[in-house]
Amino acid sequence: MSGIAKTNAARLLDKAKITYKLIPYEVDESNLAADHVAEELGEDIRKVFKTLVLHGDKCGYFVCVIPGDMEVDLKAAAKVAGAKKADLIPMKELLPLTGYIRGGCSPIGMKKHFPTFFHSTITDFDTVYVSAGVRGLQFEINPSELIAYTQGSVADIAVVASN
């Protein structure tokens, strides 16, 4: 593990005694998409999860963690969060709200705890990848431990991205 600076999210996992690996990758500032991350990691895009923050009309902020090749289903996400409708938050709100920037938003260690929902396919894998809290660094982590740590739920909250 030498040479990789621990992120706040990594320290939180250490404290909780959760096993993970920190996996660095080359960042392309012009392409922060999950498919680029998956390519850099040499991993299946379905194992590379992206963390999105949404705001629901009746429930406030919540987090959706979905596979890199999918997009959040706003209706389904709103429903599981207890809202009638929900939208992704504006990018300028991400840092003040979570402490993270686009391309480095981790479901672990946000400034406040938000309800967190993981797409149902996360349980198909022994390990998955999520941001470690900075661009260029991913956690490889057991999905069950990740869900338990974030007090998350599993639901069908995403659809295959329409390119």
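Report on the accompanying structure. Every value quoted in this text rests on a predicted model; they were computed, and no experiment measured them.

Ranked by size, the top nonpolar core spans 29 residues in total, and within it Val53, Phe139, Ile141 and Leu146 carry the most contacts. Secondary-structure elements contributing two or more residues to this core are helix 1 (8-15), strand 1 (20-24), strand 2 (49-56), strand 3 (60-67), helix 4 (91-98), strand 7 (128-131), strand 8 (137-141) and helix 5 (143-149).

Let us look at the layout of surface pockets. Here the largest pocket is characterised by a volume of approximately 670 Å³. Considering the residues around the largest pocket, the lining is formed by 30 residues, among which Leu32, Lys50, Leu52, Arg102 and Gly103 are closest to the centre. Those elements giving two or more residues to the lining of the largest pocket turn out to be helix 2 (34-41), strand 2 and helix 4. Sorting elements by how many residues they give to the lining of the largest pocket places strand 2 first, with 5 residues. Here the residues of the lining of the largest pocket sort into 16 nonpolar, 9 polar and 5 charged. In this structure, the second largest pocket spans a volume of roughly 150 Å³.

Another aspect to go through is helix 3 (residues 74-81). Turning to helix 3, its buried residues number three or more, namely Ala76, Ala77, Ala78 and Ala81. If you follow the buried residues of helix 3, they end up packed against strand 2, strand 3, strand 4 (70-72), strand 5 (86-88) and strand 6 (116-119). The N-cap of helix 3, judged by a side-chain oxygen 3.2 Å from the amide nitrogen of lysine 75 a few residues on, is aspartate 73. Just downstream of helix 3 lies glycine 82, where phi reads positive at about 85°.

Right, let's talk about the sheet that holds strand 7 for a bit. Strand order in the open sheet formed by 3 strands is 1-8-7, with antiparallel pairing between adjacent strands. Of all the strands in the sheet, the pair left with one neighbour each is strand 1 and strand 7. Direction aside, neighbouring strands of the sheet carry axes that sit 35° apart on average. Pairing between strand 7 and strand 8: 4 bridges, direction antiparallel. Directly across from tyrosine 129, in strand 8, lies its bridge partner glutamate 140.

Thresholds, definitions, all that
- Residues numbered from 1 in each chain as written.
- Predicted model: local features only at pLDDT ≥ 70, side-chain atom pairs only at ≥ 80, totals over all residues.
- Heavy atoms only, no water.
- Core = buried A, V, L, I, M, F, W, Y, C linked by side-chain atoms within 4.5 Å.
- Buried < 20%, exposed > 50% of the residue type's maximum accessible area, 1.4 Å probe, protein only.
- Helix = DSSP H or I, 4+ residues; strand = E, 2+ residues; numbered from the N terminus.
- 1 Å grid on protein atoms, 1.4 Å probe; cavity = no way out; pocket = protein on both sides within 12 Å on 5 of 7 lines; lining within 4 Å.
- Points joined across faces, edges and corners; volume = space filled by probe spheres on them.
- Nonpolar A, V, L, I, M, F, W, Y, C, P; charged D, E, K, R; others polar.
- Contact = heavy atoms within 4.5 Å.
- Polar contact = N/O pair within 3.5 Å; in protein donor to acceptor, adjacent residues only side chain to side chain.
- Pairing = 2+ DSSP bridges.
- Axes fitted to C-alpha atoms, helices over the stretch in contact; angles between N-to-C directions.

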